[in-house]
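# Residue-level structure breakdown
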Amino acid sequence: MRKKLAILIFSLISSISLSAFVTDDDPFTALLKKLAEYTKKYPQEKVYLHLDKPYYGIGDNIWFKAYVVDSRTSEPTTTSNILYVELINDRDSLQKQLKLPMQAGITWGDFKLPDSLSEGNYRIRAYTQYMRNAGPDFFFDKTIKIGNALTNKVFTQTSYQYTTENNVEKVNSKILFSDKNGKAFANTEIGYNVELNDKNVFKGKGLTNANGEINIAFLNTQPSLVKSGRIIASILVDGQKITKFIPIKTTAKAIDVQFFPESGSLIADLPAKIAIKVVNSNGLGENVSGTIIDNDGAEVLAFETTHLGMGSFSLTPAATKTYSAKVKMVDGTEKTIQLPKLEKSGYLLTVNNADSLKMGIKVLLTADLLNKGELNLVAQHNGNVYFTTKVPTGKQIAAVTIPKNELPSGIIQLTLFSPENIPVAERLTFVNNVNDKIALEIQHLKPSYGKREKAALTLLASNQAKPLQGSFSVSVTNASVVTPDPENESNILTGLLLTSDLVGYVEKPNYYFLNNDVKARAALDNLLLTQGWRKIDWKAIDNAQLPAINFPAEKSMKVSGTITNGGKPVVKGKVSLFSSSSGIFATDTLTDANGRFDFDKIAFKDSTRFTIKAVTSKDNKNVRIKMDDALPQAITINKNFGDIEPNINVAIKEYLIKSNDFFEEQSNKGFLSRTNMLKQVEVVKKVNKAPNSSNLNGGGNADAVFSADELEKTPSLTHFLQGRVAGIQLYNGAFYLTKNNPGMTLPLTVNAPQPMMVIVDGVNLNLGEEKLPEDKSPSASIDDITLLDIESVEILKSVGTTAAYGTSNGVIVITTKTGKGRSDFNRYAPGMLSYAPKGFYVNRQFYSPKYDVKPDNKPDLRTTVFWDPHLISDVNGKIQLDYFNTDQVGNYRIVIEGIDAVGNLARKVFTYKIN
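Here the structure is a predicted model, which means the values were calculated and not measured. (Residues numbered from 1 in each chain as written. Predicted model: local features only at pLDDT ≥ 70, side-chain atom pairs only at ≥ 80, totals over all residues. Heavy atoms only, no water.)

### Here we look at the overall build of the protein
Going by this rule: Numbering of helices and strands runs from the N terminus, with a helix taken as a DSSP run of H or I at least four residues long and a strand as a DSSP run of E at least two residues long. We take the radius of gyration over the C-alpha atoms and set the globule estimate at 2.2 Å times the residue count to the 0.38 power. Each residue gets one of three labels from its accessible area relative to the maximum for its type: buried under 20%, exposed over 50%, partly exposed in between, using a 1.4 Å probe on protein chains only. Any two residues having at least one pair of non-hydrogen atoms within 4.5 Å are treated as being in contact. Surface exposure here means Shrake-Rupley accessible area, sampled with a 1.4 Å probe, where a residue is shielded only by the protein chains that are shown.
A count of helical and extended segments in the protein gives ten helices and 58 strands. For a compact globule of 915 residues, the expected C-alpha radius of gyration is about 29 Å, and the protein comes in at 30 Å, within 12% of that figure. A principal-axis box enclosing the C-alpha atoms of the protein has dimensions of 85 × 75 × 70 Å. Scored against the burial criterion, the 915 residues of the protein give a buried share of 52%. The contacts in the protein between residues at least 6 apart in sequence include a share of 70% that link residues at least 24 apart. Accessible area of the protein: about 41,800 Å², with a carbon and sulfur share of 51%.

### Some words on the sheet that holds strand S53 (residues 811-816)
Test applied: Following DSSP output, two strands are said to pair if at least two bridges run between them.
Ordered by their spatial adjacency, five strands build an open sheet running S47-S52-S53-S50-S51, and the pairing between neighbours is mixed. Among the strands making up the open sheet, the edge pair consists of strand S47 (704-707) and strand S51 (763-764). Across two bridges, strand S50 (residues 757-760) lies against S51 in antiparallel orientation. What sits directly across from Val760, in S51, is Val763.

### Topic: the confidence of the model for the protein
Put simply, the rule reads: pLDDT expresses, on a scale from 0 to 100, how confident the predictor is about each individual residue.
Summarising the model, the protein shows a mean pLDDT of 88, and 91% of its residues fall at 70 or more. Note that pLDDT drops below 50 for residues 771-778; the model gives that stretch four contacts with residues more than four away or on any other chain. Scored below 50 in pLDDT, residues 820-828 makes 19 contacts in the model with residues more than four places away or belonging to other chains.

### Digging into the nonpolar core
For clarity, the threshold we go by: Throughout this description, the term nonpolar core refers to a set of buried Ala, Val, Leu, Ile, Met, Phe, Trp, Tyr and Cys residues connected via side-chain atoms within 4.5 Å.
Counting 74 residues, the largest nonpolar core has Leu49, Ile62, Leu498, Tyr512 and Val559 as its most contacted members. Here the element with the most residues in this core is strand S4 (residues 61-70); it accounts for six residues. Those residues in contact with Tyr512, other than ones at most four positions away along the chain, are His307, Leu308, Met310, Leu498, Glu507, Ala520, Ala523, Leu524 and Leu527.

### A look at the sheet that holds S4
We apply this condition: In this analysis an axis means a line fitted to C-alpha atoms, helices contributing only their contacting stretch, and an angle means the value between N-to-C directions, from 0 to 180 degrees.
The sheet built from three strands is open, its strands ordered S2-S4-S7 with antiparallel pairing. Bordering the open sheet on either side are strand S2 (45-51) and strand S7 (106-112), each of which pairs with just one other strand. Sheet twist, expressed as the average angle between the axes of neighbouring strands with direction ignored, equals 25°. Alignment of S2 against S4, held across seven bridges, turns out to be antiparallel. Counterpart to Val47 in the pairing with S4 is Val68.

### Examining the packing of aromatic side chains
Condition: Each aromatic pair joins two rings of Phe, Tyr and Trp (for Trp, the six-membered one) with centres within 6.5 Å, and gets the label stacked for planes under 30 degrees apart, edge-to-face for over 60, and tilted for any other angle.
The final tally for this structure, using the stated rule, is 25 aromatic pairs. Residues Tyr192 and Phe202 carry aromatic rings whose centres are separated by 6.0 Å and whose planes lie at 35° to one another, so their mutual orientation is tilted. Of this pair, Tyr192 sits in strand S12 (residues 189-196) while Phe202 sits in strand S13 (residues 199-207), and the two are ten residues apart along the sequence. Looking at Tyr192, the relative accessible area reads 10%, which means it is buried.

Set out below in C-alpha cells:
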C-alpha cells in the first residue's frame, strides 16, 4: 500500500471547510511542488542488515543480508549499486571493510572472526557512498558483542562505584579475574593503566585477593571534558602475558533530565503535552517520578516516567507563572529543573495516536493570532506528502481525524505553516499499517524433531491475501544456546521504519513492535516526542538551495583519474590499464580536454592490483598520474552508547561455554584457522614495526604504527589513514587532529588548527603551508610517495609523542625502505603507477551438512543451524526450505525477513524443539 489519498474527518470544534487538495495558484502549492521535485532529485537511502545471530564468539562467522531502500518510495533502491559494510572494534578502529555489489537494493556477505581478534563491543556499519552526503547519523550502525572462549584464558568482571568531591570525580573499580571455568586467579599480580579520552591518567600494580579481585581507584579531574575511557590490565598466565581492555563507560553517576513540549514550544494559556526523557550515565533510560511546581512554590501536578525513562504529562501554563520540575531519582536524591520558557504567542500541534485505526490532530493558537489568515497543515513521510489541509483561524482550536489505513507504515511528520508559509510547529507520529506488510506462513513445520532430523518446509508469502514474489533471508538458531532478547532486537521493521529516520541511540527498539497495543503506542509516541529525526529544511527547499553532492551514487566500479604535465592537464594522452591479478587484463583510453580518464563498467575482486601507464599524445612519459579516490568515511564514536557492555565474556558466558566445543570441532576439521596457540608459554617480544624510523621518540614509539604489509592493499596513503586512525581528518591534502578543534567543520576557518606535521625520512614536508603567489609548483601531498617505497608510518597524536617536535598539532612520520635520512620520496617511475583500489568481496557460502548424502559421525554443535540470504518466492508466493538439525536438544528459532518490489516488508518468527 503506497497511496497518497487523504480522507479527512473534521471535528465540529471549528467550522472548517477543508480539502486535501489546494489550488494551483496557491503559494503553498508551489512549496509542495518544490518539495516533490527536491525529494525526487535528491533521494535518500536507508540500509538494514539482517544478521544470523545477536552476538558472537571468536571463531564464529557473522552472516548478513543487506536491504537498501529508497526512502521516498520505500522500494529497493536503484540509486546505488555498491554497498560498504564495516567491522569496527571498540576502540573505533576499522578491522575490515567489505565492498559488495547490489542488485535492486539486495546483497549479502560475511565476516570471519579469527582468533587474532580480542573480545569487545564491535560495531557493524553499512552505507552507500551516496548516503555519505546526509552524514553518518543515518548509516546502519549496530553494536554487537563478540566474546572469546576459544583462545581466552582470562575472563574479567568489573563493577564501578562513583563519588564526586570539589568537581573531581572519583571512580572505584573492582575487577574479578578468573578462567573460563570460573576459577579465580587469586594472589596474582596485575599491572594496569587507566586511560580517559586516550590519555593515561593513572597506572600501577597490585595483587588480587583470595577471590581473584583487585580494586583500582582513579580520579577524573576534568569532568566537563572527559567522560569515558578504559582500563588496560595485564596478567601473567602460564608464562604468557595477557592484556585485557575493560571499558569505562562513565566516571560519574550522573542523570540527564530533559523536557520536550509537544510540537516544540510551551505557550501561555494553551494546554500542552510535555514529554520527559531521563538517561543515566550508562546511556540507558531510568524511570523517575516528580512534581511540577510554579514560581509561588505551589504543586501543580505529579508525574512519572513509564518506559525506559520516558513519559509525558499535560499542563496549561499560566502567562503570569514560571514552572520547574522537582525530579526524584531512584536512589532518593532530588533534582530541580526549569521547564522551557513560556512563549506569549504561538501555535500548538497536538496528536492523539492511541487508537489503532485513526489519528486525532488538534491545532491550537493564542488569541492574538485569531483571524490572521489561513494556516496549512501537512503530513509527509520521507518527503512524500500524504495530505495537506487549510486550517482557518476564526477559532482557537481546530481538529481533524485521519484514518491510519491511508498512511504508510513509518514515521509521519506533521508540519503546521503560518499564513506566511513559515513552519511554526512540527510533530512526529508513527503508523504501523498491516496493509504494507508481507504475511508469512509456514507449512510442514513439526512441533518437535529428532537430532539431525531433516526439516523440509514450505514458506508462503502474501500481501492482502494475494501471493507475491519477494527476496527473503532466513536464520535458524538454537535458542537454548543463542538466547534471544526480543525487546532489544533490531530487525527489518525497526531498522527501515523507525531507527533509520531518527538521530541517536534508541533503546530496545523492538519493544514498540512486539505488541500493537495502547501501551506500546503511548511509549512509542513518547520516544518520538524526545528523539531527534531526519528533518526537512523547508526554508532551503523554498529558496531552492540545493544540497552539496560530494559523493555521487555509485552505479558501477571504475578506475579514473587525471593526467598532468607541469601542473597542466594532458589532452588526448594515452592511458593504459593492466592487471595480472586474476588472469591477464589490459585496456586503454584517451584523456579528455581536462586531462581526465575513466575506465568504467568494470568489476574486480578485492586484492586486485593494476598498473597504470600514461604518456602524452607525443609519447612523453614525464607525466603525473592522480587517481580519483573517495576519501574513506571517518569513524565516528559509537552512538549506541547504551549497548556497550563492560563485561562482554560474562554477559554471553553461557553462549561462549556452549559454543566452545563447536569451535574446537571446527578447528579439528580444518574449518577454523588458529593464529594464537593455546599452549604457547614463551613471552614473545613485541616486534618493532618501524626499526629504521627517524622518529625523535625512537622508532615505534607512537600512538599508531603501520608496516609495509598493512599498506599493500590500499589505493593511497590518505585513504588508508583516514579509515583506520581515529581522531584525524583530511582536508586539502593535509591531516588535522580533530581533538584540537572539536566538531571541526570544513572548509577550515582562519583560526583553525595547523595541519599535522609530515616527516619523511627525517625531513619536514611542510604540507598545508601557504605558498607565495609566484610559486606555480604543484602542491605536495603525502600521496606523492609511492606506497611500495614505504617501510613504516607512525602517527603521533598525544602530547607525550609530539612534544619532541615542538608541536601539539600531531605528526606523521614516514620511513621509506631506503630512507635513513634521505628525502627523495618521489621515486615513482614517470608515467607509471601501481594501483590497488578496493574490489568486491567474494562471498562465502554457509555450510549446511547433507546427512542423507554424506553421513558424518562427528558431533554437530552448530549454533547457527541454517542461514540462507537468497530466498526468492515464486509466482505463487512459495519458498522451499530444507536443512538438517543438529545434535543439540533445545528450543530452535526460525527468523524470516524480506521485502518485495514495492517495499512491503516481512518479518516472522517460528519456533520448534529438538528432543
